[in-house]
Amino acid sequence: MIPTTGGITNLRAGDGLTAWRHGRVTTMHDDEGWDPHDDWSVVTRGDTIVWIGAEGKMPADLRRSIQLEHDLAGRLLTPGLIDCHTHLVYGGKRDAEFERRLSGVSYEEIARAGGGIRSTVAATRRASQAELLSSACQRARRLQNVGVTTVEIKSGYGLDFETETRCLEVARDVGQECDLSVRTTCLAAHTVPVEFDGAGDAYIDEVCRWIPRWSSDRLMDAVDVFCDTVGFSLEQTRRVFECAARQGLRIKCHAEQLSLQGGAALAASFNALSCDHLEYLDDAGIAAMRNSGTVAVLLPGAYYTLQQSTPPPVAKLRQAGVPLAIATDHNPGSSPLLSLPLAGSMACTLFGLTPYEAVRGMTRSAARALGLEDRGCLAAGKRAHFAIWEYDHFREVVYWL
Ligand code: NIG
Ligand code: FE
């Protein structure tokens, strides 16, 4: 894995012991304080951190065995950013829909008229696997260029067995092709496809037949449902979660984005990894998420693009101790955004997070939203996924636009 840089490029870790010396290091470990540590160093072997600490405290025998060294010359080193909610694999684009929304037509109206997600589904079904891979890799590289080392990629623009399978395979291939750590999530329950119009329950029957096949082919790490008026009802969402749980798969939920449906409380009752969006989340949902340790993934790019005016209840989530993560939600409709730092900036300006919460939300809490304990903060034993920035302080990650 090449550590991603915010300005300097291609410092590759060697196979043996590699030292990254004289950095300003933000570990994202709460018990180590929030300010960056001056003149710290990290020693890695392959993809793993073997030692981290003040340069002067590096054990002499470790120092002697180092085979490759990089002088960070005081540059900021943070955990690699984790984009824990994206829809990177799709065909086409929706700029005309953007223009219609600006003239006053709502996202729901466009969806009901057959536009929105369904129009991307049509373009995705027409695209070849090679085309989908090439466009998804271009987007993935844009994310990498601004610090991302792990990305979650959802299916959800195929909505038939063959195309959803293709999209999950492409998502896996993005990881290989781009030297990026990828987690895949099945979002076959994104919306009712046109051939099942008016027959959402029958479509959910199909999805529940497909999930075990993808699960046995190890094509996905989690299952998500869009629980909303333009997605699926609470009862339909429950059936997908029950199916996922029978396969031993973890759950995520697009919940309370456009209206309050109770999806967050339902997902929490299945011990969900995360509930995402949450603009209309109520107190019962917050309490349920707190009790299940479910992460709240905030998606300010969608809130901004859809010009929503009810932000998620950040103060109450914070007070309840629900971890707050931030992601781009990159998709061609509601969030054509390819900068996770910009999502972090928006989380501060639009949702009231502090810069520390925002950076934590793109590292440590984002790792938790994916069920990954081996990354998101810097410590011995964790993955050597980090970002090196031409910055003095981590808050600059969400300051520069
Ligand atoms: O996360 N909310 C549902 N799904 C996507 C948008 C999908 C689309 O408009 O294509 C989201 O915002
Ligand atoms: Fe989404």
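Residues numbered from 1 in each chain as written. Chains lettered and ligands numbered in written order. Predicted model: local features only at pLDDT ≥ 70, side-chain atom pairs only at ≥ 80, totals over all residues. Heavy atoms only, no water.

**Topic: the overall build of the protein chain**
Across its full length, the protein chain carries 15 helices and 15 strands. Scaling as 2.2 N^0.38, a compact globule of 401 residues should have a C-alpha radius of gyration of about 21 Å, and the protein chain matches this with 21 Å. Along the longest, intermediate and shortest principal axes, the C-alpha atoms of the protein chain span 70 × 45 × 45 Å. Per-residue burial over the protein chain gives 60% buried out of 401 residues. Working note: accessible area of the protein chain is about 15500 Å², and carbon and sulfur atoms make up 48% of it. (Helix = DSSP H or I, 4+ residues; strand = E, 2+ residues; numbered from the N terminus. Rg over C-alpha atoms; globule rule 2.2 N^0.38 Å. Buried < 20%, exposed > 50% of the residue type's maximum accessible area, 1.4 Å probe, protein only. Areas by Shrake-Rupley, 256 points an atom, 1.4 Å probe, with all protein chains shown as cover.)

**A look at the environment of Glu357**
One can find Glu357 in helix H14 (residues 355-361). The spacing of Glu357 and Pro323 is 34 residues in sequence and 9.4 Å in space, taken between C-alpha atoms. Here Glu357 is in contact with Arg318, Leu324 and Gly352, once residues within four sequence places are set aside. (Contact = heavy atoms within 4.5 Å.)

**Digging into the sheet that holds strand E11 (residues 250-255)**
Pairing is parallel across the open sheet formed by eight strands, whose spatial order is E7-E8-E9-E10-E11-E12-E13-E14. Whereas interior strands pair on both sides, the edge strands pair on one side only; in this sheet they are strand E7 (81-83) and strand E14 (324-326). Shown here is a sheet whose adjacent strand axes are inclined to one another by a mean of 25°, direction ignored. Two elements, strand E12 (residues 274-277) and strand E13 (residues 295-298), share three bridges in a ladder whose sense is parallel. Note on E13: the bridge partner recorded for Cys275 is Ala296. Helix H6 (residues 161-178) rests against strand E8 (148-154) and strand E9 (181-189) of the sheet, and its axis sits at about 165° to E9. Against the sheet, helix H8 (residues 234-246) makes contact with E9, strand E10 (222-227) and E11, and its axis sits at roughly 175° relative to E10, the strand it touches most. (Pairing = 2+ DSSP bridges. Axes fitted to C-alpha atoms, helices over the stretch in contact; angles between N-to-C directions.)

**Looking at the nonpolar core**
Counting 96 residues, the largest nonpolar core has Val174, Ile211 and Trp214 as its most contacted members. Element by element, the count of residues in this core is highest for helix H7 (residues 200-216), at seven residues. When residues are assigned to domains, this core turns out to be shared by domain 1 (17-79 + 379-399) and domain 2 (82-369), each giving three or more. Ile211 has contacts with Cys186, Met220, Val223, Val240, Cys243, Gln247 and Leu249, leaving out every residue within four places of it along the chain. (Core = buried A, V, L, I, M, F, W, Y, C linked by side-chain atoms within 4.5 Å. Domains from an automatic or database assignment.)

**Observations concerning the pairing of E12**
As judged from the four bridges shared by E11 and E12, these two strands associate in the parallel manner. Considered in E12, the bridge of His254 is made with Asp276. For the handedness criterion, the β-α-β arrangement of E11, helix H9 (residues 263-269) and E12 is classed as right-handed. For the handedness criterion, the β-α-β arrangement of E12, helix H10 (residues 283-292) and E13 is classed as right-handed. (Right-handed = clockwise from strand over helix to strand, strands pointing away.)

**Focus: the coordination of the iron ion (ligand 2)**
With distances of 2.1 to 2.3 Å, the protein atoms coordinating the iron ion (ligand 2) are His85 (NE2), His87 (NE2), His254 (NE2) and Asp329 (OD). The sequence motif formed by the donor residues of the iron ion (ligand 2) is H-x1-H-x166-H-x74-D. Of this pair, His87 sits in the loop between E7 and helix H2 (95-102) while His254 sits in strand E11, placing them 167 residues apart in sequence. Residue His87 is classed as buried on the basis of its relative accessible area of 2%. (Donors = N, O, S within 2.8 Å, 3.2 Å for Na, K, Ca; no water.)

**Some remarks on the side chain of Thr305**
Looking at the element boundaries, Thr305 is found in helix H11 (residues 300-305). The contact partners of Thr305, leaving out residues within four places of it in the chain, are Arg101, Gly333, Ser334, Ser335 and Pro336.

**Here's the deal with the site of ligand 1**
Not every one of the 15 residues close to ligand 1 is listed here, only the nearest: Arg94, Tyr107, Tyr157, Gln257 and Ser334. The separation between an oxygen atom of ligand 1 and a polar side-chain atom of Asp329 is 2.9 Å. Here ligand 1 loses 100% of its free accessible area of 330 Å² to cover by the protein chains. In terms of residue class, the shell around ligand 1 is built from four nonpolar, nine polar and two charged. (Near = heavy atom within 4 Å. Polar contact = N/O pair within 3.5 Å; in protein donor to acceptor, adjacent residues only side chain to side chain. Nonpolar A, V, L, I, M, F, W, Y, C, P; charged D, E, K, R; others polar.)

**Digging into unusual backbone geometry**
Phi is positive for Asp39, which is not a glycine, with a value near 50°. Position of Asp39 relative to the elements: it lies in strand E3 (residues 37-45). By relative accessible area, which is 38% here, Asp39 ends up partly exposed. Even without being glycine, Leu278 reaches a positive phi, approximately 70°. Locating Leu278 in the fold gives a position in the loop between E12 and H10.

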